[in-house]
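# Architecture at a glance
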Amino acid sequence: IAYANQAELELLGYDRVEYVGHHIAEFHVDSGVIADILARLGRGETLRDYEARMRAKDGSVRYVSITSNVRRSRDGEFLHTRCFMRDITDLRRIVADSLATEARLEILAELAPVGLFRTDANGDCLYVNQRWCEITGLTAEQARGSGWAATLHPDDRARMFEEWYRAANEGSEFRAEYRFRRPDGEVRWVDGRGLPERRDGVVVGYIGSVADITRRKLA
């Protein structure tokens, strides 16, 4: 390391004597990463937003995004690399927490006794849980996009779309009793409900449930 500005020193907690003059590998957590960085720079590549982990003086690990290139002389001789690092530790933590929360919610969704679904603003399916698949006879992959509509009972399809788009246009709750005709021919009655999912005040989709009420309707 030939030079480091004050922001980089503060990022890792070292003073200039402890940092400048030392090999960069001493501060990287993953030896394979620094080897890859040096090899790519040696080939003349430019790195953009390359993620790496660096070890701070207090022992903590900081995630950084690296943009780097090589400066050469007119004769093509290697002079030095120029490296710009951005601290993304907090961003990585937010993403990790979000993924963990999403994983927990997915587990709860699979344990739910009712069918659960999520759509975009156009009504295209983004997610269904296992119970939804059991009710309709479709796989999650078959339900994606507009595939879920294939199992709507023909006598209910027009009414369903009308009520769905009315709710979507109003940004209001959707609720209706309707039938699924499974691929095996069996008809299932459900009580369906959907609530709008909003982002910055705009409806971006619906999250809902379907409860199997076939026995009640037959009775």
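Please refer to the structure higher up on the page.
The structure reproduced in this document is the subject of the present report. The structure presented is a predicted model; accordingly, all values stated were derived computationally and were not measured.

## Details of the environment of Y206
Checked against the element boundaries, Y206 lands in strand β8 (residues 202–212). Distance from Y206 to Q6, taken between C-alpha atoms, is 48 Å for residues 200 residues apart in sequence. A polar contact of 2.7 Å, which involves the side chain of Y206, links it to the backbone oxygen of S172.

## Thoughts on the side chain of H153
On the secondary structure map, H153 appears in the loop between α6 (140–143) and α7 (154–170). Polar side-chain contacts of H153 include one of 3.1 Å to the backbone nitrogen of D155. Discounting chain neighbours no more than four positions away, the residues touching H153 are R179, F180, R181 and V187.

## Side note on the pairing of strand β3 (residues 78–87)
With nine bridges joining them, strand β2 (residues 61–72) and β3 adopt antiparallel strand pairing. Within the sheet, the bridge partner assigned to R71 lies in β3 and is H80. With antiparallel pairing between neighbouring strands as the criterion, β2 and β3 make up a hairpin whose turn holds five residues, including G76 at a positive phi of roughly 85 degrees.

Calculation notes
- Residues numbered from 1 in each chain as written.
- Predicted model: local features only at pLDDT ≥ 70, side-chain atom pairs only at ≥ 80, totals over all residues.
- Heavy atoms only, no water.
- Helix = DSSP H or I, 4+ residues; strand = E, 2+ residues; numbered from the N terminus.
- Polar contact = N/O pair within 3.5 Å; in protein donor to acceptor, adjacent residues only side chain to side chain.
- Contact = heavy atoms within 4.5 Å.
- Pairing = 2+ DSSP bridges.

Limitation: the analysis is restricted to geometry and does not speak to function.
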